[in-house]
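Take a look at the letters that make up each chain.
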Amino acid sequence: MSGNEQQALADRISQAVDAARERILGLHRSYVQVRSVTGTEGPMGLRVAETFRARGLETETWAATAEEMQGYLEHVGEQPGYEGRWNVAGKQRGAGGGRSILLNAHIDTVPEGDHSLWSQPPFAANLVTGRIYGRGSCDMKGGLTTHLAALDALAACGLRLKGDVTVAATVGEEDGGIGALSTVLRGYRADAALVTEPTQLALVTACEGSLVFRLTITGRSAHAATRDEGVSALEKFIPIFQDLQHLEQERNATLRHPLYDVFANKVPINVGVVRAGNWASTVPEILEAEIRVGFLPGEELEPFKRLVAERIMKVAAQDPWLRAHPPVITYFGGQFIAAETPAHSPLAGAIRAAHRRVTGREAPVEAATYGADMRHFIVFGGMPCVMYGAGDIRVAHAPDEYLEFEELLTAVKVVALFLAEWCGVAE
Ligand SMILES: [Zn+2]
């Protein structure tokens, strides 16, 4: 396609999206109005399946199982339950000869919290001064709306794609991502995957890894009056804590990544929980700390785990008590592998080109400092995957979560144009 033809296509798609404003708003509101906190996604899954079937997508609905996740618990964490948590995949078959795409959005949300902290009811999806308020409006029911509205816009323009498009609406992202992983394990694959997380229309090509572990240090209790006869687990923890701070500084100083170097602390180590002791007059005999360490794309999970353990054991080796009573490290919760698709990959290039055509500007290329489902598609699905979508992640888990309606419409236009260019348009 020539530059002029591409611009004409972008204009045609933009007009179709603008003409469908009310319909897009209605679809988005109908998603936000169904509460779908992680673990209770069932009713939302059924609602989503209805909207898929109404568009003629070949629709499959399923729940991940404990058996399926057995070998992957390290990556998704223990689950509160599996039953009735419906994932939905809908496939639109292409005319043939084009590249395929897997579009993903998670349908679970964090809890809405105290309703009195909201200025709008969290499940009314009210449109106020251009913002659609509600839990999940931004993170990320707007992303799911984007996918379907983009397909609708292409249909309204009478454009048939060459490549297959699969939309996967998945559960459990906020708690390790069993839905996205299950999608991959069930064999859903494409030439690339796009996750429409709220990135404020930036292209996100990398997501950070994180490792969570519990550190247990044993001391010896004694009465405070004879405290020198005891061994304080808290005092034994302090040099380990200080060394973890040094490790964070060293890693920030030595690790290089073009997308992460802009962050003042690109690999944070956070000691989030410390529990020790049970009585003011007793020397604490046990300390438990829960610690989260971040790591960058390019770093592998297992060697990184060894690095952290070696650092802790090196400090312990310098202390006679800890040499005899070594600290114990236990991993728990979802371990988020770092993942990346090159910023100059064909996938990233196609998103950037579509963004440029629709908005007249370059999309910022960024990295995420959090883990997301994109890692499952890259690591276990072997697909290039990036994130691009409407909404600001900073309002996502707070009261008065909202999505700017105009930004949603822009995302729909960009994704529709991207689909036309990526999958190809049949004559
Ligand atoms: Zn999200």
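The paragraphs below set out a description of the structure included in this document. Please read all numbers here as calculations on a predicted model, not as lab measurements.

**Re the overall build of the protein chain**
Point 1. When helices and strands are tallied, the protein chain shows 13 helices and 16 strands.
Point 2. Compactness check: the protein chain gives a C-alpha radius of gyration of 24 Å against a globular reference of 22 Å for 427 residues, within 12% of the reference.
Point 3. Judged by the C-alpha coordinates and their principal axes, the protein chain covers about 85 × 45 × 40 Å.
Point 4. When the 427 residues of the protein chain are sorted by exposure, 55% land in the buried category.
Point 5. Within the protein chain, contacts between residues at least 6 apart in sequence are counted, and of these 82% link residues at least 24 apart.
Point 6. As displayed, the protein chain has an accessible area near 17,700 Å², and 51% of this comes from carbon and sulfur atoms.
Point 7. Charge separation in the protein chain, taken as the distance between the mean sites of 40 positive and 52 negative side-chain charges, equals 3 Å.

**Observations concerning the coordination of the zinc ion**
Point 1. Within the protein, His106 (NE2), Asp139 (OD), Glu197 (OE) and Glu197 (OE) serve as the donor atoms for the zinc ion, at 1.9 to 2.6 Å.
Point 2. In this structure, the zinc ion is surrounded by four donor atoms whose angles at the metal cover 53 to 146°, and the resulting shape is irregular.
Point 3. When the donors of the zinc ion are listed by position in the chain, the intervening gaps give H-x32-D-x57-E. Here the residue aspartate 139 occupies a position in helix H6 (residues 137–156), and glutamate 197 occupies one in the loop between strand E7 (193–195) and strand E8 (203–207), the gap between them amounting to 58 residues. The exposure classification of aspartate 139 matches that of glutamate 197, with both residues buried.

**Considerations on the sheet that holds strand E12 (residues 328–331)**
Point 1. Judged by pairing direction, the sheet is antiparallel, and its four strands sit side by side in the order E10-E11-E9-E12 without closing on themselves. The sheet is open, and its two borders are formed by strand E10 (269–276) and E12, each paired with just one other strand. Sheet twist, expressed as the mean angle between neighbouring strand axes with direction ignored, is 20°.
Point 2. Where strand E9 (residues 209–218) and E12 come together, four bridges link them in antiparallel fashion. The partner of threonine 216 across the bridge, within E12, is valine 328.

**Some remarks on the sheet that holds strand E16 (residues 402–404)**
Sheet strands associate in pairs through backbone hydrogen bonding, adopting either a parallel or an antiparallel arrangement.
Point 1. Across the sheet, three strands lie side by side as E4-E5-E16; this open sheet has antiparallel pairing. Edge positions in the sheet fall to strand E4 (127–128) and E16, since each has one partner strand and no second.
Point 2. Note: strand E5 (residues 131–133) against E16, three bridges, orientation antiparallel. In the sheet register, tyrosine 133 faces E16, and the bridge partner there is tyrosine 402.
Point 3. Where H6 meets the sheet, its contacts fall on E5 and E16, and the angle it forms with E16 comes to roughly 50°.

The rules we used
For every chain, the first residue of its written sequence is number 1, and the numbers climb from 1 along that sequence. Totals for whole chains, interfaces and linings use all residues, but because this is a predicted model, local features are given only for residues with pLDDT of at least 70 and pairs of side-chain atoms are given and counted only at 80 or more. Working from all heavy atoms in the structure, the side-chain values ignore hydrogens and water. Segments assigned H or I by DSSP are reported as helices when at least four residues long, segments assigned E as strands when at least two residues long, and all are numbered from the N terminus. Note that the radius of gyration is over C-alpha atoms, with the globule rule given as 2.2 Å times the number of residues to the power 0.38. For every residue, the accessible area (1.4 Å probe, protein chains only) is compared with the maximum for its type, and the residue is labelled buried under 20%, exposed over 50%, or partly exposed between those bounds. The contact rule is simple, with two residues in contact once any of their heavy atoms fall within 4.5 Å. For every accessible area listed, the method is Shrake-Rupley and the probe measures 1.4 Å; residues are considered covered only by the protein chains on display. We count Lys and Arg on the positive side and Asp and Glu on the negative side, and we leave His and both chain ends out. Taken as the charge centre is NZ of Lys, CZ of Arg, CG of Asp or CD of Glu, depending on the residue. Any nitrogen, oxygen or sulfur atom within 2.8 Å of a metal ion counts as a donor, with the limit raised to 3.2 Å for Na, K and Ca, and since water is left out, coordination shells can look unfinished. Irregular is the default label, applied whenever a site is not tetrahedral (four donors, all angles between 85 and 135 degrees) and neither square planar nor octahedral (four or six donors, opposite donors over 155 degrees apart, all other angles between 65 and 115). Pairing between strands is defined by DSSP: at least two bridges between them are needed. Fitted lines through C-alpha atoms give the axes, limited to the stretch in contact for helices. The angle between two N-to-C directions lies from 0 to 180 degrees.

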